[in-house]
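Structural description and commentary
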Amino acid sequence: MPSTAPGSPRCLDTLVSRDGLLHRLAEVRCATLVLHGSADAAYPVCRAADIVEGVPNAEPLVVVDGGAHFLSLTDATAVNPHLREFLATHAPADSGLRH
């Protein structure tokens, strides 16, 4: 049975009713960067902190002051330096992982 309101797109059912994955974070083996907006109305900052705590190779949490849920779209100026630094560290140009 759908968990979203009648008339909502069916694709939202998947997002609303999906299983939580926090209990599996310890299985993540790659370097991880978690960015979160302080004004995210969908998830509180403590949820992002839980992700950082649960992933063994996570970088420190980056909280973008005033940032909303889609940070890369709404706050690219604040996000991009963190992405560049993360990629430079974890996917250097000579690694073959970048084009």
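Criteria and thresholds
- Residues numbered from 1 in each chain as written.
- Predicted model: local features only at pLDDT ≥ 70, side-chain atom pairs only at ≥ 80, totals over all residues.
- Heavy atoms only, no water.
- pLDDT = per-residue confidence, 0-100.
- Helix = DSSP H or I, 4+ residues; strand = E, 2+ residues; numbered from the N terminus.
- Buried < 20%, exposed > 50% of the residue type's maximum accessible area, 1.4 Å probe, protein only.
- Contact = heavy atoms within 4.5 Å.
- Salt bridge = Lys/Arg side-chain N within 4 Å of Asp/Glu carboxyl O.

Some words on the confidence of the model for the chain
In this model, the chain carries an average pLDDT of 85, and 75% of its residues clear a pLDDT of 70 or more. Within the chain, helix 1 (residues 11–17) has the poorest average pLDDT of any element, 63, and strand 2 (residues 62–64) the best, 98.

Focus: the environment of Gly 66
As for its placement among the helices and strands, Gly 66 is situated in the loop between strand 2 and helix 3 (71–74). On the basis of relative accessibility, which here comes to 49%, the residue Gly 66 falls in the partly exposed class. In sequence terms Gly 66 and Ser 38 are 28 residues apart; their C-alpha atoms lie 5.2 Å from each other. Those residues in contact with Gly 66 that sit more than four places away from it in its chain are Ser 38 and Ala 39.

Structural notes on the pattern of salt bridges
A complete count under the given rule lists one salt bridge for this structure. With a closest N to O distance of 2.9 Å, Arg 24 and Glu 27 form a salt bridge.

Side note on the environment of Glu 53
Note that Glu 53 resides in helix 2 (residues 45–54). Among the residues examined, Glu 53 registers a relative accessible area of 70% and is labelled exposed.

Here's the deal with the environment of His 23
Examined against the element boundaries, His 23 turns out to sit in the loop between helix 1 and strand 1 (35–37). Exposure remark for His 23: the relative accessible area of 66% places this residue in the exposed category. Residues His 23 and Ile 51, 28 residues apart in the sequence, show an inter-C-alpha distance of 9.7 Å.

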